[in-house]
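Overview (structure and organization)
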Amino acid sequence: MKKSVGLILIGCGLLAGSLTGCSNKPSDEEMKQLNDLKAEVTSLEKSISDAEVQKAALLRSIAEKDAQLTQCAQDKDALQARLKSMH
Amino acid sequence: MNMIKKIIIAALVLTIATSVLSAQQQELTKEQWQQQVTELTAKRNDLKNTYNGLQKEVADLKNKDAEKSAALKQCQDDFAALQGQQEAPFKALSGNIDAKLNELSRLSNQDLYARRAELDSIQTWINAERQNPLSSIKSNEEKLNELQARLDALKKSLEQVIASGQAVQTYKVGTWAKDRDCLWNIAKKPKIYDNAFLWPKIWEGNRDQIKNPDIIHKGQILKIPQKADLTKTEKTALRRYWAKKNSAATAPAAKP
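Cut-offs and rules
Residues numbered from 1 in each chain as written. Chains lettered and ligands numbered in written order. Predicted model: local features only at pLDDT ≥ 70, side-chain atom pairs only at ≥ 80, totals over all residues. Heavy atoms only, no water. Helix = DSSP H or I, 4+ residues; strand = E, 2+ residues; numbered from the N terminus. Buried < 20%, exposed > 50% of the residue type's maximum accessible area, 1.4 Å probe, protein only. Contact = heavy atoms within 4.5 Å. Salt bridge = Lys/Arg side-chain N within 4 Å of Asp/Glu carboxyl O. Disulfide = S-S within 2.5 Å. Core = buried A, V, L, I, M, F, W, Y, C linked by side-chain atoms within 4.5 Å. Expected span 1.5 Å × (residues − 1). Arc of directions from axis to C-beta.

Now for the overall build of chain A. The helix and strand inventory of chain A stands at 2 helices and 0 strands. Every one of the 87 residues in chain A was classed for burial, and the buried ones make up 26%.

This is the structure:
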């Protein structure tokens with residue numbers, strides 16, 4: 001009788017093992033790896049978004065300076081021409 | 001025996017519960033997990049490449065921005081040096097115009113009318129400044145435009161003052177002993193008409209307070225009409241005055 005009880009318990013153990021550990025599911029460690037990967041992707045997406053914003057701001061700044069440079073060069077040329085005409 | 005049955009049932013329940021809980025925690029299959037890991041790894045690598053590329057672009061743009069700043073500063077310095085050659089006289093004159101406009105804009109209507117000739121002088125200054133090479137500089141051009149706008153506003157006020165009749169100049173009569181004030185002498189004053197023969201204008205303009213042009217009193221405030229040739233009425237009044245004078249043969253003709 002005790003032998004049959006022992007066999008049943010061993011059977012339960014095997015059944016539980018087959019349903020959990022030995023099933024076709026990723027382990028906790030593998031799930032952690034997947035979650036880390038997801039977090040890394042999210043973080044990279046945010047960094048890219050920030051960099052895009054920074055790039056746009058720099059492009060605007062450069063365009064403004066280009067316009068100022070053009071104006072400055074025109075003013076300078078006009079002034080030089082007028083000064084030459086005076087002398 | 002019962003005890004053994006209970007143990008077996010408990011073991012079975014525990015086993016099934018563990019399995020169910022375990023199955024709930026891990027919904028993915030191993031294949032799905034593998035697929036997600038593969039996809040995410042590829043995506044991460046793409047994003048890393050994109051990010052690295054962007055960082056390089058941002059670094060390049062920062063350098064370019066710094067170069068533009070330096071070039072702009074250089075241009076502005078060169079420009080300032082050129083400006084410095086002629087800027088002081090330009091600023092001095094535009095400052096004078098500025099001050100004169102401020103002064104005129106604070107005047108009463110009558111005072112503004114009295115000093116209306118100064119508006120023409122300011123216009124001449126502004127026109128002369130526009131010939132200055134520095135007037136082509138944007139900031140100087142803007143300054144001149146601002147001065148011109150203020151002058152135009154003053155001219156417009158003056159026109160309104162003249163149109164409304166508020167522009168009549170006045171003169172406070174002094175004493176004969178001290179000021180030698182009579183209509184003849186008042187008209188002769190440079191600030192009035194600079195022409196003594198225009199005295200009948202003052203008489204006609206002040207008929208309400210001057211009955212006899214030979215008699216004016218200290219402290220009287222006389223209105224001085226605008227300088228112009230004598231009108232028909234004024235000439236008539238003048239003729240009558242002399243006729244009356246000539247008929248009064250007893251006393252020598254006095255100046256009005």
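Text resumes after the structure shown.
So, about unusual backbone geometry. Residues and elements named next belong to chain B. A positive phi angle, near 55 degrees, is found at Arg180, a position not held by glycine. Within the element layout of this structure, Arg180 appears in the loop between α7 (176-179) and α8 (183-188). Notably, Asp194 is not glycine yet its phi reads approximately 60 degrees, a positive angle. Secondary-structure assignment places Asp194 in the loop between α8 and α9 (199-205).

When you line up the elements, Lys48 of chain B lands in helix α2 (residues 30-84). Once you skip the residues sitting within four places of it in the chain, Lys48 of chain B turns out to touch Glu40 and Leu44 of chain A.

Turning our eyes to something else, we now look at the pattern of salt bridges. For the coordinates displayed, the defined rule picks out 24 salt bridges over all chains. Note that Lys43 of chain B and Glu45 of chain A form a salt bridge whose closest N and O atoms lie 3.1 Å from each other. In this pair, Lys43 of chain B sits in helix α2 while Glu45 of chain A sits in helix α2 (residues 28-86), so the two residues belong to two different chains. Given the relative accessible area of 39%, Lys43 of chain B is considered partly exposed. Of the residues examined, Glu45 of chain A reaches a relative accessible area of 35% and is grouped as partly exposed. Between Asp66 of chain A and Lys68 of chain B there is a salt bridge, with the nearest N and O atoms lying 2.6 Å from each other. With one member in each of two chains, Asp66 of chain A in helix α2 and Lys68 of chain B in helix α2 form a pair that bridges those chains.

Before going further, it helps to spend a moment on the state of the cysteines. Counting across every chain of the model gives 1 disulfide over all chains. Each sulfur in the disulfide pair Cys72 of chain A and Cys75 of chain B lies 2.1 Å from the other. On the sign convention where negative means left-handed, the S-S torsion of about -110 degrees between Cys72 of chain A and Cys75 of chain B marks this disulfide as left-handed. Within this pair, whereas Cys72 of chain A is found in helix α2, its partner Cys75 of chain B is found in helix α2, the two belonging to separate chains. Considered together, Cys72 of chain A and Cys75 of chain B belong to a single accessibility category, that of buried residues.

Bringing the nonpolar core into the picture now. Residues and elements named next belong to chain B. If you look at the biggest cluster of nonpolar residues, it comprises 22 residues, and the most contacted ones within it are Leu183, Ile186, Trp199 and Ile202. Those elements that place two or more of their residues in this core are α8, α9, β2 (221-224) and α10 (232-247). The biggest single contributor to this core is α8, with 4 residues. Within the second largest apolar cluster, 14 residues are counted, among which are Leu112, Tyr113, Leu151 and Leu154.

All names here are of chain B. For α10, built from 16 residues, the straight-helix expectation of 22 Å at 1.5 Å per residue is met to within 8% by its first-to-last C-alpha distance of 23 Å. Of the positions making up α10, those classed as buried are Glu234, Ala237, Leu238, Tyr241 and Lys245. The buried residues of α10 occupy one face: seen down the axis, they fall within an arc of 100 degrees. In this structure, α10 carries Lys232, Thr233, Arg239, Arg240, Asn246 and Ser247 as exposed residues pointing more than 90 degrees from its buried face.

Below, the discussion takes up the environment of Pro225 of chain B. Residues and elements named next belong to chain B. Looking at where Pro225 falls in the secondary structure, it is placed in the loop between β2 and α10. Judged by its relative accessible area of 23%, Pro225 is partly exposed. Separated by 33 residues in sequence, Pro225 and Ile192 have C-alpha atoms that sit 9.3 Å apart. With residues up to four places along the chain from it excluded, the contact list for Pro225 reads Tyr193, Lys201, Ile202 and Gly205.

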